[in-house]
Amino acid sequence: MILEMERALFDELARNGDLTGPQIALIARDAREWRASAVDVLIARGFVEEQRLAQATAAACGLKVFGDELSGFDARLALFADRDFFVRHRLIPYSRVNGRTLIAAVNPYTVLPALSAELGEEPFELCIITRPAMTKALMLAFGHDIVDDSSTALSRLHPELSARGGLWTWQIVFLVGIGGAVIWAGVNWPDIVLKIAAGIGGAFFIAVTLFRLLAVLVGAWPKRKLRLPAISSLDELPTVTLLVALYDEADMVRETVHYLGRIDYPWTKLDILLLLEEDDLKTRAACESLPLDGRFTILTVPNGKPRTKPKACNFGLKFARGDIIALYDAEDRPDPLQVREAAAHLAAGDARLACLQARLNFYNARENWLTSQFALEFAIWFQFILPGLERLRLPIPL
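The rules we used
- Residues numbered from 1 in each chain as written.
- Predicted model: local features only at pLDDT ≥ 70, side-chain atom pairs only at ≥ 80, totals over all residues.
- Heavy atoms only, no water.
- Helix = DSSP H or I, 4+ residues; strand = E, 2+ residues; numbered from the N terminus.
- Buried < 20%, exposed > 50% of the residue type's maximum accessible area, 1.4 Å probe, protein only.
- Contact = heavy atoms within 4.5 Å.
- Areas by Shrake-Rupley, 256 points an atom, 1.4 Å probe, with all protein chains shown as cover.
- Lys, Arg positive; Asp, Glu negative; His and termini not counted.
- Charge placed at Lys NZ, Arg CZ, Asp CG, Glu CD.
- Expected span 1.5 Å × (residues − 1).
- Bend = angle between axes of the 7 residues up to and from the residue.
- Polar contact = N/O pair within 3.5 Å; in protein donor to acceptor, adjacent residues only side chain to side chain.
- Phe/Tyr/Trp six-rings, centres within 6.5 Å; stacked < 30°, edge-to-face > 60°.
- Lys NZ or Arg CZ within 6 Å of the ring centre and 35° of its normal.
- Pairing = 2+ DSSP bridges.
- Axes fitted to C-alpha atoms, helices over the stretch in contact; angles between N-to-C directions.

## Considerations on the overall build of the chain
Along its length, the chain carries 14 helices and eight strands. Buried residues in the chain amount to 38% of all 398 residues. A fraction of 68% describes how many contacts in the chain between residues 6 or more apart in sequence connect residues 24 or more apart. Counting only carbon and sulfur atoms, one obtains 60% of the accessible surface of the chain, whose full area is about 23,300 Å². Charge separation in the chain, taken as the distance between the mean sites of 43 positive and 48 negative side-chain charges, equals 5 Å.

## Some points on helix α14 (residues 369–391)
Between its first and last C-alpha atoms α14 spans 32 Å; for 23 residues at 1.5 Å apiece the expected length is 33 Å, and the two agree. Maximum bend of α14: about 35°, positioned at W381. Buried-residue contacts for α14 involve α9 (190–220). Of the residues that open α14, the one with a side-chain oxygen 3.1 Å from the backbone nitrogen of L370 is N368. R393 sits one or two residues past α14 and shows a positive phi near 60°.

## Notes on the packing of aromatic side chains
Per the stated rule, a full pass over the model turns up eight aromatic pairs. Each ring, one from F315 and one from F319, has its centre 5.4 Å from the other, and the planes form 40°; the classification is tilted. In this pair, F315 and F319 both sit in helix α12 (residues 309–319), four residues apart, roughly one turn of the helix. The same class applies to F315 and to F319, which are both buried. Ring geometry for F378 against F382: centres 5.9 Å apart, planes inclined by 45°, an arrangement best described as tilted. Separated by four residues within a single helix, F378 and F382 lie in helix α14, roughly one turn from each other. Every member of this aromatic cluster is reached through a ring pair, and the members are F362, F374, F378 and F382. Sitting above the plane of the W267 ring, R45 keeps its charged end 4.1 Å from the centroid. Here R295 stacks its cationic end above the ring of W267, 3.7 Å away from the centre of that ring.

## Description of the environment of L275
If you trace the backbone, L275 turns up in strand β6 (residues 270–277). Exposure remark for L275: the relative accessible area of 1% places this residue in the buried category. Separated by 38 residues in sequence, L275 and C313 have C-alpha atoms that sit 7.5 Å apart. When sequence neighbours within four positions are dropped, the list of residues in contact with L275 reads L243, V244, A245, L246, L299, A312, C313 and G316.

## Notes on the sheet that holds β6
Taken in spatial order, the four strands line up as β7-β6-β5-β8 in an open sheet, and their pairing is parallel. Strands at the two margins of the open sheet, each flanked by one partner only, are β7 (296–301) and β8 (324–328). Taken over all neighbouring pairs, the strand axes of this sheet differ in orientation by 25° on average, direction set aside. Pairing between strand β5 (residues 240–246) and β8: five bridges, direction parallel. Pairing of L243 across the sheet is with L327, part of β8. On top of the sheet, helix α10 (residues 253–261) reaches β5, β6, β7 and β8; it is set at about 165° to β5, its chief contact. Packed on one face of the sheet, α12 meets β5, β6, β7 and β8 and runs near 140° to β6.

Now the structure itself:
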């Protein structure tokens, strides 16, 4: 259902031929079924080119519009802003005009209540920019601070949980002492040390084998099927953010986007972040060449050490809109219903349930002998060993 306050925008787009009658009907249907605003559906569907949509939104609301070159943008204003609030709501302090702060937004229809509550009595005006321009402005204002937090926040806030500082002094002393004792014993009694090492190695191998066998037997035992809640009303579905860290994946990007795009979930509640490294020019060019709809956002992680997938995901986490966060790799081909099932499982779990792990397997298991062995290993791991560890109430590796 197109709300009255949004009608001017749709009239503007229809009058100029940017939207057809069937497209408007589809937007109205999706807005009704997804319990979403028509403008959110329009952005998610990507029916209108970004710059044209920004111009039409500004014209319909009587606001200023700025292009992707961000003319007049003053990134220094972000120094006095609540970074997490503005990143989460996709807003940015743009400039100061006549004693008022000009706040840039993509969709002004949904941000006014939160923005008014955040700024209180401070006078402000809204202006409109495109989604790519918003991402660019947020990166200019907050990007380097966020990437620094992605690498160092844990070590600053909880140094006892971080490995950034390396081994503790007592650990170094202990390891050096044990190593020195083994070397000294090996020099003086080599036969005895060799027999002891062989015995320990053999016992460890047998223990691991028996433990895995126990996990397989426990995991294979019939389990009562979990009764998932019937999520009949779509407004009960949470927003889900998919973090997809890509590096040197230019040849895989098109296929990755294709399979992520097949996920059956309300488009307005699916937030897909493609996390790219600043110096990975080929993957960035491949992503920018794709006709991405409004579910997808390209985030370029500024250069910084360490260059790892966890750091990229930490960076993307600051931009996530979802109540549920999911991690995917470039080669993943998720089942279209996977996100819905994950939301249902999390809704059915109690307060102790914090994370789910989907089963993985090879889609080309019959291609050759090697892929069949990989597929067999994955099948045993995900269908027997991990369920066995869960039943035994043991930690589950991700």
